[in-house]
Amino acid sequence: MPILSYLVLPEAGAKEQLCTDLSTMEGCEIIPSDNEEVVVLVTDTPDEKTEETLQKSLKNLPSLQSLSMTFGHSAE
Amino acid sequence: MNTTRRSFIKIAAASSALAAAGSIFPGISFAEWKKQEGASGKINWHKAPCRFCGTGCGVLVGMSGDRAVAVKGDPNCSVNKGLCCVKGFHSVQALYGKDRIKKAQIRRNGKMVEVPISEALDVIAAKMKETIKKHGKDSVAMYGSGQWTIPDGYVASKLFKGCLGTNNVEANARLCMASAVTGFMTSFGIDEPMGCYEDIEEADVMITWGNNMAEMHPVLFSRMLASRKRKNNVTIIDFATRTTRTSQAADKSILFKPNTDLAVANAICYEIIRNDWVNWDFVNKHTSFHKGKTNIGYGTEDHFKFKDKPEDISFEEYKTFLEDYTPEKVERISGVSARDIKYMASLYGDPAKKVTSFWCMGMNQHVRGTWINNLVYNIHLLTGKISTPGNSPFSLTGQPSACGTVREVGTLTHKLPHGVVMKEKDRKMAAEIWDVPLSNIDPKPTYHTVEMFRALDRGDIRFMWIQVTNPMITMPKLKRYRDGCLKEGRFIVVSDVYPTPTTDVADVILPASMWVEQEGLYGNSERRTQHFDRIVPGPGDTMSDTWQIIEVARRLGFEKQFPWGEDEYIGKIWEEYRRFHDNPKHNMAPYKVLKERSGVQWPFVNGKETRWRFNSKYDPACKKGTDFDFYGKKDGKAWIWARPYEPAAESPDQEYNFWLNTGRVIEHWHTGSMTRRIPVLHNAMPESYVEMNPDDAADMGVANGEKVKIISRRGEITMKASINGRGVPPRGMVFVPFFDESYKINEVTLDAFCPISKQPDYKKCAVRLEKA
Ligand code: SF4
């Protein structure tokens, strides 16, 4: 049951779009910064496989420029 | 996993990302998070200082039942104002590693077997008695740590120096802070920084001297970047021997050849005088000029002895001394252009600019560590830029209580909680407070750390108790000292939380409480004492290091000196210790005040903390009617020292043609015994590496990630190359972090030290490289 967090940078001018995209994805919770072009993303998925699929979909989001992981927890 | 625990972990995950964002984008805000956090309300938060560096950030540890599940920065702590770095945010996970030491172990027939802790304590006491009887009191030793809590160090000193009568007490802070101490003592006659972290927001210019603060003091570095962003006229200069994350974020990066910071500091002073940027009013009233011995050696031989002989000199003599250090001459020695030297001098010399200098291991782990500390003080003294907000020569510490425990309690061979063993007045005070006969306290210091391990190797020391540190990774020229521990007739006790190469050489292992599993106090870089409660129950038979010492002391017959109960001992010890510093120069806050606040700075006088020492506006210990009073020295003055440039103990030559520099990385705390058990930190930095200059790598045909053998006169090690990674050394130098026990870089380093401070130089020795 992995829980991960990321710093997500949007493509130029696409922060709002990115927030919309991420909020609609299963297992994703976001905390957008109110003064910088950065979004914190916390993902919570039932198993490793779902996590991998989610990561793939994240990487394919056109509004997303880069993703860097800051926390990883795989629950017992 | 239950829902509550899951939501806690999500909070921890979010906190971690917010911390990372905070260090990359200073001043970033997340209004949305505050709402969520406030709404969660499910965690009980308890204050503590972070245990993973000397910055001393206040953290709040989030508890779910009796498990610590999250950490956030304490907004009430002035050190970090709610910020944390990646180590701090994940710190509680270090409590729960799978291989935590939970039971005592004793070596029987070559094998470690688990025993009840009381049995292990009996064995330790019996072995100490037997060793003292056979080989004398100076055959037993205690080796502690800047991660000891203040009570840990205090009871160790009381037992060994006061009760057993041996000065065989040392701590690993000898390896990190000793030159800072001797620097303070020789320049000011009293230890620890005059300024405080508020200097960061006040300064117009900040110069880091061999100090990669972006990785080693990340929260302070965030404060520097935030101040630059807010004020728009702040300049950050990184003066170092290799390019790091600090250089990348600085406004200017200036590289110097190893050990030549001595020459550059002198050249800056030369320029300050030549341009008449001297603050004459300050210099005439508050400084005096001195010189000491030169060609002072490197301590690589056993029984090395050195005593400096200070002599007064005039300003004119000092000025003549500096003629060897014109910027043009120093350019040839240091590789720093005369233009850059003049630029740095102009920043220090500009009366309109407030300048703070920061340093840590680069200047302290230096064969002339005391001298380079003196020389940077000289710059601040000549310009009068000291002891006022924003004008600060600021010596940072590496460990959470190197200041609090080692420097203030005095857990070094020559020290007492107040003063030194050599002075009768100080011995008398200790004997009275400790309730031991004066004759118990030996007036002669015994061994500093390197010499203590040499004595163990030679057989002069037979018993050593090691707490909260991992010398079998950190001692320079490691092989000799490991072999020494393993010799016949040596008995090693190790108190620790995880298995390490040091527990590998132990005859007895004691399971220690870690951090918030015990009540304790730390003291950080800015004279701030920080109390923490026991927040988390420790696993198995774990016991605080303080209580382990008390248990052994009682078994040795010192019940009278260690009378406290288990529910009160920390408070009682603190109040006893505080008596040593009962004066306006060092008064410490009462236990009750410390329990309530997120740290209190000393001197704490009439209920007030002292922010800037030696300045009568802020420091009640100053003489009435003076502006500044450097009361540490008998002449009431700060000392400006003529100290020359001298080379490193070992420099590259034909055969060993590279400098080896060693240090740390942001993800790991020291030898990694705790942080490598935190999955996110371990995954971020899973193994050590050797940083190479890209041109050197190309010459050798080494690609990134390929293996390189590093060979010195002491030993060799093979590891992967990192080329154009987070740090880039100049041509002719390699850099290796020491956090990874699979790659013990100290097999290669040299045990040369500063003859005054006895602190080894881990930044400079000669190696050659081979493609492996
Ligand atoms: S900067 Fe140091 S004290 Fe602060 S959170 Fe990081 S490791 Fe802990």
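(A) The arrangement of the overall build of chain B in detail. Counting its regular elements, chain B contains 28 helices and 29 strands. Taken along its principal axes, the extent of the C-alpha atoms in chain B is 70 × 60 × 60 Å. Across the 772 residues in chain B, those meeting the buried criterion constitute 67%. Long-range contacts, defined as pairs at least 24 residues apart, comprise 73% of the intrachain contacts of chain B with a sequence gap of at least 6. Working note: accessible area of chain B is about 25700 Å², and carbon and sulfur atoms make up 49% of it.

(B) Just the overall build of chain A, in detail. The helix and strand tally for chain A stands at two helices and four strands. Overall, chain A shows an N-to-C arrangement of helices and strands of β-α-β-β-α-β. Expressed as lengths along the three principal axes of its C-alpha atoms, the size of chain A is roughly 40 × 20 × 20 Å. Looking at chain A as a whole, 51% of its 76 residues qualify as buried. Long-range contacts, defined here as pairs at least 24 residues apart, represent 69% of the contacts in chain A between residues at least 6 apart. Put simply, chain A shows about 3800 Å² of open surface, and 52% of that area lies on carbon and sulfur atoms. A gap of 9 Å separates the mean positions of the 4 positive and 14 negative side-chain charges of chain A.

(C) View of the sheet that holds strand β4 (residues 104-108) of chain B. Residue and element names in this part refer to chain B. Spatially, the seven strands line up as an open sheet ordered β5-β4-β17-β16-β15-β6-β7, and their pairing is mixed. Looking at which strands have only one partner, the edges of the open sheet turn out to be β5 (111-115) and β7 (169-171). Direction aside, the axes of adjacent strands within the sheet are offset by 20 degrees on average. Of the pairings in the sheet, the one linking β4 to strand β17 (residues 508-511) comprises two bridges and is antiparallel in character. Note on β17: the bridge partner recorded for I106 is V508. Its contacts with the sheet put helix α5 (residues 150-164) on β6 (140-144) and β7, and the angle it makes with β6 is roughly 160 degrees.

(D) Region of interest: the interface of chain A and chain B. Taken together, the contact pairs 27 residues of chain A with 28 residues of chain B. Summed over both partners, the interface of chain A with chain B buries about 2200 Å², with 63% contributed by carbon and sulfur atoms. The interface formed by chain A and chain B holds three salt bridges in total. Close ionic contact of K10(B) with E29(A) constitutes a salt bridge, the shortest N to O distance being 2.7 Å. For the side of chain A that touches chain B, the secondary structure elements donating two or more residues are β1 (2-10), β2 (28-32), β3 (39-44) and β4 (64-74) of chain A.

(E) Quick look at the packing of α5(B) against helix α25 (residues 569-578) of chain B. Residues and elements named next belong to chain B. It is the contact of α5 with α25, at a shortest axis distance of 10 Å, that shows an interaxial angle of 65 degrees. Here α5 is positioned roughly perpendicular relative to α25, judged by the angle of their axes. As α5 runs across α25, the sense of the crossing is left-handed. Together, I150, P151, Y154, V155 and K158 of α5 and I570, I573, W574, E576 and Y577 of α25 make up the contact between the two elements. Split into classes, the residues belonging to the contact of α5 with α25 amount to eight nonpolar, no polar and two charged.

(F) Quick peek at the nonpolar core. Residue and element names in this part refer to chain B. Counting 89 residues, the largest nonpolar core has F188, W209, I268 and Y318 as its most contacted members. Among the elements that line this core, the one with the most residues is helix α11 (residues 261-274), at ten residues. A domain split of this core shows at least three residues from each of domain 2 (104-173 + 404-530 + 544-577) and domain 3 (178-396). What W209 contacts, discounting residues up to four positions off in sequence, is F239, D261, A265, I268, Y348, S357, F358, W359, M363, I372, V376 and I379. Membership of the second largest hydrophobic core comes to 62 residues, among which are A104, I117, Y154 and F580.

(G) Representation of the site of the ligand within the structure. Residues and elements named next belong to chain B. In the vicinity of the ligand, the contacting residues are C50, F52, C53, T55, G56, C57, C85, K87, G88, P218 and V219. Those elements that place two or more of their residues in the shell around the ligand are α3 (86-89) and α9 (218-231). Residues of the shell around the ligand, tallied by class, amount to seven nonpolar, three polar and one charged.

(H) Local environment of helix α4 (residues 117-135) of chain B. Residues and elements named next belong to chain B. In a regular helix each residue adds 1.5 Å, so 19 residues correspond to 27 Å; α4 covers 27 Å between its end C-alpha atoms and thus fits that length. Within α4, burial applies to I117, A120, L121, I124, A125, M128 and T131. Along the axis of α4, the buried positions cluster into a sector of 135 degrees, meaning they face one direction only. What points out from α4, more than 90 degrees from its buried face, is the exposed set K133 and K134.

(I) Spatial organisation of the domain arrangement of chain B. Parsing chain B into structural domains produces domain 1 (1-38), domain 2 (104-173 + 404-530 + 544-577), domain 3 (178-396) and domain 4 (658-749). Inter-centroid distance (C-alpha atoms) of domain 1 of chain B to domain 2 of chain B is 40 Å.

(J) Here's a closer look at unusual backbone geometry. Residue and element names in this part refer to chain B. Of note, the bond from W602 into P603 is cis; its omega dihedral lies within 30 degrees of zero at -10 degrees. We note that N606 has phi near 50 degrees; this positive angle belongs to a residue other than glycine. Within the secondary structure, N606 sits in the loop between β21 (604-605) and β22 (608-609). A positive phi angle is found at K758, which is not glycine, with a value near 65 degrees. Mapped onto the elements of the fold, K758 is located in the loop between β28 (733-737) and β29 (765-771).

(K) Geometry of the pattern of salt bridges. Residue and element names in this part refer to chain B. The final tally for this structure, using the stated rule, is 64 salt bridges over all chains. With its nearest N and O atoms 2.7 Å apart, the salt bridge here joins E667 to R726. With E667 in the loop between β24 (658-663) and α27 (679-684) and R726 in the loop between β27 (716-723) and β28, the pair connects residues that are 59 residues apart, well separated along the chain. What you see here is one network of salt bridges that share partners, running through D302, E451, R454, D457, R458, D460, R480, K487 and D751.

(L) Summary view of helix α24 (residues 545-555) of chain B. Residue and element names in this part refer to chain B. Of all eleven residues making up α24, nine are buried, and the element is well covered by its neighbours. What α24 keeps buried is the set D545, T546, W547, Q548, I549, I550, E551, V552 and A553. Of the residues trailing α24, G557 is marked for its positive phi of about 100 degrees.

(M) Representation of the packing of α4(B) against α24(B) in the model. Residues and elements named next belong to chain B. Packing of α4 against α24 leaves a shortest axis separation of 9 Å and a crossing angle of 55 degrees. Taken together, the axes of α4 and α24 lie oblique to each other. α24 is crossed by α4, and the crossing has right-handed handedness. From α4, S118, L121, D122, I124, A125, M128 and K129 reach across to α24, where they touch Q548, E551, V552 and R555. Broken down by class, the residue content of the contact of α4 with α24 amounts to five nonpolar, two polar and four charged.

(N) Here's a closer look at the sheet that holds strand β1 (residues 44-49) of chain B. Residue and element names in this part refer to chain B. Taken in spatial order, the three strands line up as β1-β2-β3 in an open sheet, and their pairing is antiparallel. Each end of this open sheet is capped by a strand with a single partner; those strands are β1 and β3 (67-73). Direction aside, neighbouring strands of the sheet carry axes that sit 35 degrees apart on average. Bridge count between β1 and strand β2 (residues 58-64): six bridges; the pairing is antiparallel. Bridge pairing in β2 links P49 to G58.

Thresholds applied
The numbers attached to residues start from 1 for each chain and follow its sequence in the written order. To read the labels, note that chains go from A and ligands from 1, taken in the order they are written. A pLDDT threshold of at least 70 governs which residues receive local features in this predicted model, and a stricter bar of 80 or more applies before side-chain atom pairs are shown or counted, although totals over entire chains, interfaces and linings include all residues. Values shown for side chains rest on all heavy atoms present in the structure; no hydrogens or waters enter the calculation. Numbering of helices and strands runs from the N terminus; a helix is a DSSP stretch of H or I covering at least four residues, while a strand is a stretch of E covering at least two. Working definition: with a 1.4 Å probe on protein chains only, accessible area under 20% of the residue-type maximum means buried, over 50% means exposed, and in between means partly exposed. Throughout, a contact is declared for two residues whenever any of their heavy atoms are within 4.5 Å. Using a 1.4 Å probe, accessible areas were evaluated by the Shrake-Rupley method; residue-level cover was limited to the displayed protein chains. We count Lys and Arg on the positive side and Asp and Glu on the negative side, and we leave His and both chain ends out. For charged residues, the charge sits on one atom: NZ in Lys, CZ in Arg, CG in Asp, CD in Glu. Two strands form a pair only when DSSP identifies at least two bridges running between them. Lines fitted to the C-alpha atoms define the axes, with helices restricted to the stretch that makes contact. Angles between their N-to-C directions range from 0 to 180 degrees. Summed over both partners, buried area is the accessible surface (1.4 Å probe) that two parts give up on being assembled. The salt bridge criterion pairs a side-chain nitrogen of Lys or Arg with a carboxyl oxygen of Asp or Glu, the two atoms within 4 Å. The labels follow the angle: roughly parallel below 35 degrees, roughly antiparallel above 145, roughly perpendicular from 65 to 115, and oblique for the rest. When the near helix sits turned anticlockwise from the far one by under a right angle, the crossing is termed left-handed; a clockwise turn instead gives a right-handed crossing. All amino acids are sorted into three groups, where Ala, Val, Leu, Ile, Met, Phe, Trp, Tyr, Cys and Pro are nonpolar, Asp, Glu, Lys and Arg are charged, and the leftover types, Gly among them, are polar. For our purposes a nonpolar core is just a set of buried Ala, Val, Leu, Ile, Met, Phe, Trp, Tyr and Cys residues, chained together by side-chain atoms within 4.5 Å. As annotated, the domain borders come from an automatic or database domain assignment. When we say a residue is near a molecule or strand, we mean one of its heavy atoms is within 4 Å of it. How far a helix is expected to stretch is found by multiplying one less than its residue total by 1.5 Å. Taken from the helix axis, the directions to the C-beta atoms give the arc we talk about.

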